[in-house]
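Close look at the chain arrangement
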Number of protein chains: 2
Amino acid sequence: MDYIQQRFSVPFEYRVYFTSHLFQQQNPVLRQFLQADVSDNIKKIFFVIDSEVAACHPTLMDDIRQYFAANSEVILIDDMLIVPGGEACKNTDVYVHEIIAAVDEHGIDRHSYIAAIGGGAVLDMVGYAAAISHRGIRHIRMPTTVLSQNDSGVGVKNGINYNGKKNFIGTFAPPVAVFNDDHFLTTLADREWRAGIAEAVKVALIKDKQFYAWLCKNALALNRREMEPMQYQIKRCAQLHIDHIAGGDPFEKGSSRPLDFGHWSAHKVEQLSNFEIRHGEAVAMGIALDTAYSHLCGWLNEEDARLVIQLLIDLGFDITHPLMEVSDDNSPVIQGLHEFQEHLGGRLTIMLLNEIGKGEEVHHLDISLLQKASEWLKQYHQIEQQ
Amino acid sequence: MDYIQQRFSVPFEYRVYFTSHLFQQQNPVLRQFLQADVSDNIKKIFFVIDSEVAACHPTLMDDIRQYFAANSEVILIDDMLIVPGGEACKNTDVYVHEIIAAVDEHGIDRHSYIAAIGGGAVLDMVGYAAAISHRGIRHIRMPTTVLSQNDSGVGVKNGINYNGKKNFIGTFAPPVAVFNDDHFLTTLADREWRAGIAEAVKVALIKDKQFYAWLCKNALALNRREMEPMQYQIKRCAQLHIDHIAGGDPFEKGSSRPLDFGHWSAHKVEQLSNFEIRHGEAVAMGIALDTAYSHLCGWLNEEDARLVIQLLIDLGFDITHPLMEVSDDNSPVIQGLHEFQEHLGGRLTIMLLNEIGKGEEVHHLDISLLQKASEWLKQYHQIEQQ
């Protein structure tokens, strides 16, 4: 057979910075990053901002203007684009097209930056627009929620929804830098503050027993909105995600799976509730269900299973919801199991808990056992509420 | 400063196969590729075909159906999408959306394939649609022109045009395989057959003196449409491009440049002629202009410069065109120089010839010398035409 073999590797690197008040003049973090990224070319920076963040931080745009007035490494595009926060910005391609039009209008080239300030949905949408403009403009992420600072914002995925399907359109494209500014967390609603912690519970349970123990010890402090444990939680969770990406298959070309313990049911419940239930809230319930299943299938002992549920309760999460209940084969969440299988390309892969700190994949879930897990959880929930 | 360092490499590999009559049952090339790419998942394959190729090869779709009826490694999506060939398919996002809709409708997942059969423009457009669907569906390229078989089709870029700007939207995304079937070349118009050879002249001049000598020796045979030298030309040119991609900066993240000797003026002339002048024809004229400049600036001796021009003439190319002439600062092609500089992000980088087989970059072109080069070429052209 006559052929030429092509083979190469593309190296990627970026830093996830942890800071407070990124745009204060005396804060050197952003300036030092921009100064280190030298080039012969004139660089511009274009900001896209989550409307909810802009509303909670009314001086943000002025702060950015003042910051760049005093830091001339790059030229600030004075026009900034405000986009709706949450799934609304991903359910249409309107905002992607607005960013592309701005790239064209302002002559933003591949050596320039597009910076996104916002929650995970805004980062996903802006990251996608940056990835497809000029085959990839340098993208800076400034996540503003717990969920995006400890999980989605530090990763390599972007995307928008299509025809009601999450992330149907998107690419793998690492950012050039991530700036986690904890000042943004202070204005989050309680539900948002809490929701992101579900991803920390998830990754601790399948990867890091010590972190799980730390979470159990600090659950009530986190629930009380203490900043110091929140900072630790974000950094440890981000580190575990970053290690998973680098150590595995960053662009998921093989059959390697992302860290999605508790997620198969969570995706469905989020969607069924019309996104009234937050992703992190749904994940907490999904973790509870799969923990109960891991116990009932003989892997996890009862005490450990109960302690996981208690951690979720201490953090302030609901552990189940009528939409999450499995009564028979036709329960909506079972439909979610079929959709998840289809999404994976035919073969089901579900992460369960072999023991605390150790996830293990299975390729089949027993529906009657899932029913028992749902029942076990419901009883626990009722006892808890008495 | 508080940060986590992320660092990883993503490996890519694919083969560029050379074959004849890919869809004949006795041809094992495609079957062996599909059999080697094993997986637990059910795989589908969806074809997008250039309308010009479909017209020249009226049995193509039936051949594909019969081929897959007898080869059940993957499930053929019986619906195939026919799209216009040439820039028309890149000047709109209509066809990208048709492909995305097909991905949704037929449940084509990340383990499945989208195959494109056509010229470079169709491959660019389909490659882009595949790259952004589910963050990258496996993409197979089946280039049908000389230009796409020896150059664009074997590389890692894709894209569509936006607001009159070529490849404004796109990504870097390697295919999983390229199949160069020389049977498609037999139905090309003479202009198409010839145009692609310009890229071979380009890469030989800047990288491979021996290949340049081979081209000089075989120019008339290539012009007479002999298949054997065409096969050699394509394979050698593809190899040089593949080596350049692997050896350099495949996703062009740094300041590394693609192999674009002779291209700065070619892009502009193509556009000014409303794409009446083919890319390869414009590149041949661009090579002639930059060769003349390389001589007049003192790098290339006159005999070598004249031999390069003679090679282009032997291949059947026009060596200049009124749109290519530089009479003063306001000549349209000088406008192209400014646009090229802007496209590069502020700093001009132009490849010239230091000697035959050795390109060298400069960051400035002297307009009055360019005028002289244009005049030198025009005189040569006039003498040639007498």
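Residues numbered from 1 in each chain as written. Chains lettered and ligands numbered in written order. Predicted model: local features only at pLDDT ≥ 70, side-chain atom pairs only at ≥ 80, totals over all residues. Heavy atoms only, no water.

**Side note on the interface of chain A and chain B**
Put simply, the rule is: Contacts between residues were defined by any pair of non-hydrogen atoms, one from each residue, lying within 4.5 Å. When two parts are brought into contact, each loses some accessible area as probed by a 1.4 Å sphere; the total of that loss over both is the buried area. Salt bridge criterion: a side-chain nitrogen from Lys or Arg within 4 Å of a carboxyl oxygen from Asp or Glu. Contacts described as polar in this section are N or O atom pairs within 3.5 Å, which, within protein, must combine one atom able to donate a hydrogen with one able to accept it, while residues neighboring in sequence count only if both atoms come from side chains.
Taken together, the contact pairs 68 residues of chain A with 69 residues of chain B. Interface area, chain A with chain B, both sides summed: about 6,700 Å², of which 53% is carbon and sulfur. Broken down residue by residue, the surface that chain A buries against chain B is led by Ile4(A), Phe8(A) and Arg135(A), which jointly contribute 14%. Connecting chain A to chain B are eight salt bridges. With a closest N to O distance of 3.4 Å, Glu252(A) and Arg110(B) form a salt bridge. In this structure, the connection of chain A to chain B is made through 37 residue pairs in polar contact (both at pLDDT 80 or more).

**Re the environment of Gln26(B)**
Rules: Comment: elements are numbered from the N terminus, with helices defined as DSSP H or I runs of at least four residues and strands as E runs of at least two.
With respect to the helices and strands, Gln26(B) occurs in the loop between β1 (3-19) and α1 (29-36). Sequence separation of Gln26(B) and Tyr67(B) is 41 residues, and the distance between their C-alpha atoms is 9.6 Å.

**Quick notes on the side chain of Thr171(A)**
Along the polypeptide, Thr171(A) turns up in the loop between β8 (165-169) and β9 (177-181). With sequence-adjacent residues up to four places away left out, Thr171(A) is seen in contact with Tyr128(A), Ala131(A), Ile132(A), Val156(A), Lys157(A), Asn158(A), Ala131(B), Ile132(B), Arg135(B) and Thr171(B).

**Some details on the environment of Phe184(A)**
Residue and element names in this part refer to chain A. To keep it simple, the criterion reads: Between buried and exposed lies partly exposed: a residue is buried under 20% and exposed over 50% of the maximum accessible area for its type, with that area taken using a 1.4 Å probe on protein chains only.
Topologically, Phe184 is positioned in the loop between β9 and α7 (190-195). According to the relative accessible area criterion, Phe184 is buried, its value standing at 6%. A sequence separation of 128 residues divides Phe184 from Cys56, and the C-alpha atoms of the two residues are 8.8 Å apart. If near-sequence neighbours (up to four positions away) are discounted, Phe184 is found in contact with Val53, His57, Leu60, Ile117, Pro143 and Thr144.

**A few points about the state of the cysteines**
Stated formally: Cysteine sulfur atoms that pair up within 2.5 Å are treated as a disulfide.
The tally for this structure, following the rule as stated, stands at zero disulfides over all chains. In this structure Cys89(A) is a free cysteine whose sulfur lies 16 Å from that of Cys56(A), the closest cysteine sulfur available.

**Structural notes on the domain arrangement of chain A**
Residue and element names in this part refer to chain A. The line we're drawing: Source of the domain bounds: an automatic or database domain assignment.
If you check the domain split of chain A, you get domain 1 (15-188) and domain 2 (191-245 + 257-385). Listed by partner, the interface residues are 18 residues for domain 1 and 23 residues for domain 2. At the boundary of domain 1 with domain 2, total buried surface from both sides reaches about 1,700 Å², with 70% on carbon and sulfur atoms. Linking domain 1 with domain 2 are two salt bridges, by the criterion used here. Among the salt bridges present, the one from Asp151 reaches Lys202, with a minimum N-O distance of 3.4 Å. Summed over the shared surface of domain 1 and domain 2, the result is nine residue pairs in polar contact (both at pLDDT 80 or more). If you list the elements that add at least two residues to the side of domain 1 that touches domain 2, you get β1 (3-19) and α6 (146-150).

**Brief notes about the packing of aromatic side chains**
Rule in force here: Classification of ring pairs uses Phe, Tyr and Trp, with its six-membered ring standing for Trp, and accepts pairs whose centres are within 6.5 Å; under 30 degrees between planes counts as stacked, over 60 as edge-to-face, and the remaining range as tilted.
A full pass over the atoms with the stated rule returns 32 aromatic pairs over all chains. Residues Phe172(A) and Phe251(A) carry aromatic rings whose centres are separated by 5.5 Å and whose planes lie at 20 degrees to one another, so their mutual orientation is stacked. On the criterion of sequence distance, the pair formed by Phe172(A) in the loop between β8 and β9 and Phe251(A) in the loop between α10 (227-247) and α11 (263-272) is long-range, its members being 79 residues apart. An angle of 55 degrees between the planes, with centres 5.5 Å apart, marks the rings of Phe12(B) and Phe251(B) as tilted. Within this pair, whereas Phe12(B) is found in strand β1, its partner Phe251(B) is found in the loop between α10 (227-247) and α11 (263-272), the two being separated by 239 residues in sequence.

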